Amino acid sequence: LNCCDHEGADTTTKFTHQVPMIRMTPNRRTAFLLLAVVSVILSTEAFQTSPITTKSVSRNPSCRFTSEHQTDSQASSSPSSSRSIVSSVENGNLDDALSMLQNVDGGGDSIPASTYHAVIEACCAGKVERHNNKKYNKNNSSSNNNKSAMDKINEAADLLTAMGEEVTSHAYETLISGYARRGRWQDAYRTLAALEEKFGSSDEKDNDVPSLNVYQTVLIAFVEAGEYDHMNSLLTRMRRRGVRPTVFTYNSLLKICAQTARWREAVSILSQCQREPGVNPDLVTFTSTIRACARARKTDKAMEIFRVVKDMGVKMDVYCYTTAMDACAKGRRWKVALSLLDEMKEKGIEPNEVSYGVAVSACGNGGQWEKALELLEQMRKENMKINTITYNSAIAALAKAARSESRQQRRYDYKPGGGWSKVESSNPSYNDNDLWKKALDLVDCMEKEGVRRDSFTFSSAISTCGAAGRWQESLDLIDAMKRVTKPNKIAYTSAITACANSEKWEPAFELFNDMKNDGLQPDLVAYNALINAGTMSNQPEQVFDLWVEMCKTDKREKVSPDIVTLTEVIATLDRGIGKINRERADKVFAEAVSRGIILKEDSLDSSWEVDLSRMSFPVARAACRFIFRRIANAAKNGDLDVKDFSLITGASKMREYVREVLRDELKPAVFCVVPKLEQGTLQVKEKVMRNYIAGQSD
């Protein structure tokens, strides 16, 4: 025909353009009619393929939707339905696609595998809801109560079943990946077993289904769930099927171990990698293992592996060195960390910002704040960008040093015969260092350089000021923190501590209330900080009220008083004047005994021997009153046979202090002796005990 002479042209287009030029002879009229019929047939839906996105799976010839048994209506309706289903998936209407697929499939129409693939992929790629791997099982895997409204992974499993004999390996692999992403390792393992059974027995070593990637997906799911026995079993099964793990396989597993600090499992996987035929561990393999040990604070093991890598002659990089330095930082080996930093430079490996940050952290953990500041200065000279983590490490180093030095600060001590006196610090370097000023300077540098300041930044700076008693600077930092982020419990508690060290009760109490108003429930540390502020500023009534408040608080809020609380409260009440404070101290001590804070029943103490040597003087004083009152009551009720009574005090000032309490405060007075062979013990003879008990009856 003349209308089809031009090679490569579109038939329909040429026909349209050639029509006016055709002279309608009988033969040409016949040809024209035949060509028109062909054109109509070619334009029908039955000869057009449904559009499938590149993300869909490859087609399986056995899954063609046409067959010689289809009726004409089926041949024309199935492709149209497939296109509608795929279009719904592409438009994000997954529920509509599932509904249409169910209706078409239920009506007896044949759906191409590519359509199933598109819907299964969409179901598996939906919202992920990870499950507790230890508790998840097949019984609850299909429970509607445990799945998200947007998670269609169970519908994907139903579609896999609906594919019947035309199911493809890609459908299995997609479902396995979906299960793994959700932490449903049992379902992923079960689906993998079904894939192996469907596409060949485990003895067929020439079978490339399942692929290595599918096995790796399930292996990673096992490691994420901590199922290392299943991991080892699957590795063995892979090898039987002729699928050998590669170094990438092992590195993927080690990466997860490093993220979760599972150092024992990491070392085991490294050992398997070294024994695997044809697989040579690379630097990533060793670095991931070192990182797992570092995060688990197994510094010795991390450095052992690091030395092995060096002895093997493997070319090191900055990441391996930095990981080893991190292990040293967590193990408080700041000298080794700094030596590794110098070694990197000697070998021509340029340290990066992370390397310096780890070195600063190592110095901070080791209390070497001077070294930490020197490293920051080196970074500035080399025009390195100092990030938030590095600045925070330096400020934390200052805070740690400040807290250590503050232990030598003002405290109250007892002088026999002279009562209580304030003891000043004997460390003149504390004020000379001005650590709090250096911390504030770093916070200002962060602001000027545009480095983000987070809650840890402010909390560490406030802690530094708090240890130095710089309460006004702490309050200023709280105000600055509110402009950047919401103050946390650590920040508030550190500021309260600053007020306590400066004997400022009112601002401390105001901060405590601000914490509550910000929706933060004060914890035990916050309560103890405020009680310490009351102790330092001599507020016995307020301190006693705080004790009562803590005892009334629900134990689930974790603010039940401890031995620190007891010591501070008793000390405050002991310094208070009047009978009421002594009665309060006795009530507090009795409550502490009932709560098991002191004089515990499971201790070595007995009815006739009590250890006071580890108590503070005020607590020991209250303990003496409580113990003798308890003995008198028990003897009065006939529950106790009177014997010699011993108080263990140690051969120190405590012994003389307790002797004074027994003699001057108990009525009638109780006199005791020091056994020749037990200089750290005060003994009250049976006769004296009976005299005291009789005096209580009167």
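Structure's up top.
Described in the following lines is the structure provided in the data block. (Residues numbered from 1 in each chain as written. Predicted model: local features only at pLDDT ≥ 70, side-chain atom pairs only at ≥ 80, totals over all residues. Heavy atoms only, no water.)

## A word on the packing of aromatic side chains
Overall, the coordinates contain 11 aromatic pairs when judged by the stated rule. With a centroid separation of 6.3 Å and 75° between ring planes, the pair formed by Trp 608 and Phe 645 is classed as edge-to-face. Placement of Trp 608 in the loop between α30 (579-594) and β3 (609-611) and of Phe 645 in strand β4 (residues 645-648) is noted, with a sequence separation of 37 residues between them. A relative accessible area of 12% places Trp 608 in the buried class. What makes Phe 645 buried here is its relative accessible area of 0%. Here Phe 617 and Tyr 657 contribute two aromatic rings whose centre-to-centre distance is 4.9 Å and whose plane-to-plane angle is 45°, an arrangement assigned as tilted. Placement of the pair is Phe 617 in helix α31 (residues 617-636) and Tyr 657 in helix α32 (residues 653-664), with a sequence separation of 40 residues. (Phe/Tyr/Trp six-rings, centres within 6.5 Å; stacked < 30°, edge-to-face > 60°. Helix = DSSP H or I, 4+ residues; strand = E, 2+ residues; numbered from the N terminus. Buried < 20%, exposed > 50% of the residue type's maximum accessible area, 1.4 Å probe, protein only.)

## Looking at the pattern of salt bridges
Inspection of the entire model under this criterion finds 29 salt bridges. The network of salt bridges with common partners includes Asp 574, Arg 582, Asp 586, Arg 621, Arg 625, Arg 629 and Glu 665. (Salt bridge = Lys/Arg side-chain N within 4 Å of Asp/Glu carboxyl O.)

## Here's the deal with the packing of helix α14 (residues 283-295) against helix α15 (residues 299-311)
Their axes nearest at 8 Å, the elements α14 and α15 cross at an angle of 165°. Regarding the angle of α14 to α15, the classification is roughly antiparallel. Seen from above, α14 lies across α15 with left-handed handedness. Seen from α14, the contacting residues are Leu 283, Phe 286, Thr 289, Ile 290, Cys 293 and Ala 294; seen from α15, they are Lys 301, Ala 302, Ile 305, Phe 306 and Val 309. (Axes fitted to C-alpha atoms, helices over the stretch in contact; angles between N-to-C directions. Parallel < 35°, antiparallel > 145°, perpendicular 65-115°, else oblique. Left-handed = near helix turned anticlockwise from the far one by under 90°. Contact = heavy atoms within 4.5 Å.)

## Let's talk about the sheet that holds β4
Taken in spatial order, the 3 strands line up as β3-β4-β5 in an open sheet, and their pairing is mixed. Each edge of the open sheet is held by one strand with a lone partner, namely β3 and β5 (681-684). Neighbour to neighbour, the strand axes of the sheet diverge by 15° on average, direction disregarded. Helix-sheet contacts for α31 involve β3, β4 and β5, and the interaxial angle to β4 is about 160°. Docked against the sheet, α32 engages β4 and β5, running at close to 25° with respect to β5. (Pairing = 2+ DSSP bridges.)

## Observations concerning the environment of Ile 111
Within the secondary structure, Ile 111 sits in the loop between α4 (94-106) and α5 (113-124). A relative accessible area of 4% means that Ile 111 is categorised as buried. Residues Ile 111 and Ser 81, 30 residues apart in the sequence, show an inter-C-alpha distance of 8.4 Å.

## Re the pairing of β4
As defined by bridge partners, β3 adjoins β4 across 3 bridges and the pair is classed as parallel. What sits directly across from Asp 611, in β4, is Ile 648. Judged from the 4 bridges that link them, β4 and β5 form a sheet pairing that is antiparallel. Opposite Ile 648, over in β5, you have Thr 681 as the bridge partner.

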